[in-house]
Every structure is written in structure tokens, then in C-alpha cells.
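Structural overview
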Amino acid sequence: MNIQQLQALVVDALEDVKAQDIQVFDTTHLSNMFDRLAIASGTSNRQTRALASSVHDKVKAAGGQVIGMEGGDTGEWVLVDLGDMVVHIMQAPIRAYYRLEELWGDKPVSLEVARKGLKAAKAGKASAEADDEAATPAKPKRTSRRNDSTTEALKPEPPVRKSRSKAALEDGEAPAPAKRARKPAASAGDAAAPAKRSRAAAGSSTGAATSSRSRKPAASSDAAPAVKTPRPRKPRVADAG
């Protein structure tokens, strides 16, 4: 990443979090430690921290180097060291007191120039991606099986199952005689069932015979009633007087 792309990336990160009074200065003729210096203002401690985090994250995501950050604990003056560029994020009273523009502001860099560097970097990245896509060979398209008539024609037909009699008639042979179905053998339980029934029938017949023998014939109503004979009475003995 060159210095033009780096300064464009820093300006874009500061503008994303609504930084105020952004200025970029060329310091190559004043110091050999860094080539660019950026100054921006924040309205509160929270905004200065958010601006520093935005610069840190965007430079890291783009593959740049972040050496360190200072002043994040208070938030009044946060410094982000990017190696070739140093970013000062300050609140308005602190910025007016230290007046860094008077020390490093001999060669200001316009923000339009800085934004052009970012646009050029994005355009170069897009063109590089397009070249990579053009260089990679296109994958052959897969033909659909449903629309491919050649594959359908080359498919073998499923075999037709034939019975033995039809196969024998086609080969000129006599068909084999059909086998007779065997009757199922009677089980032991089925054979014992009629024997039990015959025993039960025999027992019922013998019982009926014995019951008929044991019964006495009832007396008919035409028979004459029995006559009772009276007992002889003893004679009384007369008194002596």
C-alpha cells in the first residue's frame, strides 16, 4: 500500500464517523520518520475513540500496518501511528491550544487529491479482479440428462421376465406338466377332535339309558285307593261296686 492509498483510506475512515475539520499535510521535507500527518476534531470523548477505531479497523482490513494507538483512555487527544502516516484526533479546545497546523502545515494536501487516491485504488482492485476472472478458464456447463437424447437412446432396455412355459414354447420344447397341489396333512389336534366327539356322544347315550332305568313308573290315577282296617278295641272292665 503506497502513501496515496493510505492517506485516502484515512480520510475515508474519518469521514465515515463524521469527523470535523479534517486536514492532511505532507511532512517529507520536515521529518524522515513519517510522510503524512492528518489532524481531525471530535465533539466528545466517545467520538474521538470511535474515529480512532474506524481508522484502525479500515487500515487493518486493507492490509496496512498499525503500529499503535495512544490516548484512548481519556479520549481528549488520540494518536494513531500507521508508520508512514500519523493521525491526530483531538477535541476542539485541545486542538486550538496546541495548534499542530503551525508546526507541520507547510504543505497541505487537499482532500480531493486524497479521495482520488482511494478511487484509483478501488479502480485498480476492480481491474485486477476482472483480469483474474478473465484469466481463469470458464467451467464447462453440465448438460441436462433430460434434454440429452443421445444418452436416452444409449440406455439399455430393461429385460422382460418370461415364465418357464412361454420360454419352453419359444425354444420348441414341451412344457413341463403342472404339479398337483398336495393336500395339507391333518394335524394331531385335528385327528383327535372327532375321537373326542364320538366319546362324548357315547357317554351321553349311556347316561340317558341309566337315567331311564333308575326312574320308577308313576302311579296311574285309575288305580283303586287303599282300604285301612280298624284296630280291635279292648273291652273295659266294670267297677266292683
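Our structure's up above, just so we're on the same page.
Quick summary incoming for the structure in this document. All figures in this text were calculated on a predicted structure; none of them were measured in a lab.

1. Points about the overall build of the chain
Scanning the chain from terminus to terminus reveals eight helices and six strands. Residues counted as buried form 22% of the 241 residues belonging to the chain. Within the chain, contacts between residues at least 6 apart in sequence are counted, and of these 58% link residues at least 24 apart. Working note: accessible area of the chain is about 19500 Å², and carbon and sulfur atoms make up 54% of it.

2. Some thoughts on helix 2 (residues 45-61)
Counted at 1.5 Å a residue, the expected span for helix 2 with its 17 residues is 24 Å, and the 24 Å between its end C-alpha atoms agrees. Within the sequence span of helix 2, burial applies to Gln 47, Thr 48, Leu 51, Ala 52, Ser 54, Val 55 and Val 59. One face of helix 2 carries all of its buried residues, which in axial projection span an arc of 155°. Facing away from the buried side of helix 2 by more than 90 degrees, the exposed set consists of Arg 46 and Ala 61. Where helix 2 is buried, its residues touch helix 1 (3-16), strand 2 (36-42), strand 3 (68-70), strand 4 (77-81) and strand 5 (85-91).

3. Structural notes on the sheet that holds strand 6 (residues 108-109)
The six strands are arranged 3-4-5-2-1-6 in an open sheet whose pairing can be described as mixed. Either end of the sheet is taken by a strand with one partner, and the two such strands are strand 3 and strand 6. Pairing between strand 3 and strand 4: three bridges, direction antiparallel. Considered in strand 4, the bridge of Met 69 is made with Val 80. Across the sheet, helix 2 lies against strand 2, strand 3, strand 4 and strand 5, angled at about 165° from strand 5, the strand it touches most.

4. Comments concerning the packing of aromatic side chains
Counted according to the given criterion, the structure contains three aromatic pairs. Each ring, one from Trp 77 and one from Tyr 98, has its centre 4.9 Å from the other, and the planes form 50°; the classification is tilted. With Trp 77 in strand 4 and Tyr 98 in helix 3 (residues 92-98), the pair connects residues that are 21 residues apart, well separated along the chain. Relative to Tyr 98, the ring of Tyr 97 has its centre 5.0 Å away and its plane inclined at 85°; by these criteria the two rings are edge-to-face. Taken together, the aromatic side chains of Trp 77, Tyr 97 and Tyr 98 make up a single cluster linked through ring pairs.

Analysis parameters
Residues numbered from 1 in each chain as written. Predicted model: local features only at pLDDT ≥ 70, side-chain atom pairs only at ≥ 80, totals over all residues. Heavy atoms only, no water. Helix = DSSP H or I, 4+ residues; strand = E, 2+ residues; numbered from the N terminus. Buried < 20%, exposed > 50% of the residue type's maximum accessible area, 1.4 Å probe, protein only. Contact = heavy atoms within 4.5 Å. Areas by Shrake-Rupley, 256 points an atom, 1.4 Å probe, with all protein chains shown as cover. Expected span 1.5 Å × (residues − 1). Arc of directions from axis to C-beta. Pairing = 2+ DSSP bridges. Axes fitted to C-alpha atoms, helices over the stretch in contact; angles between N-to-C directions. Phe/Tyr/Trp six-rings, centres within 6.5 Å; stacked < 30°, edge-to-face > 60°.

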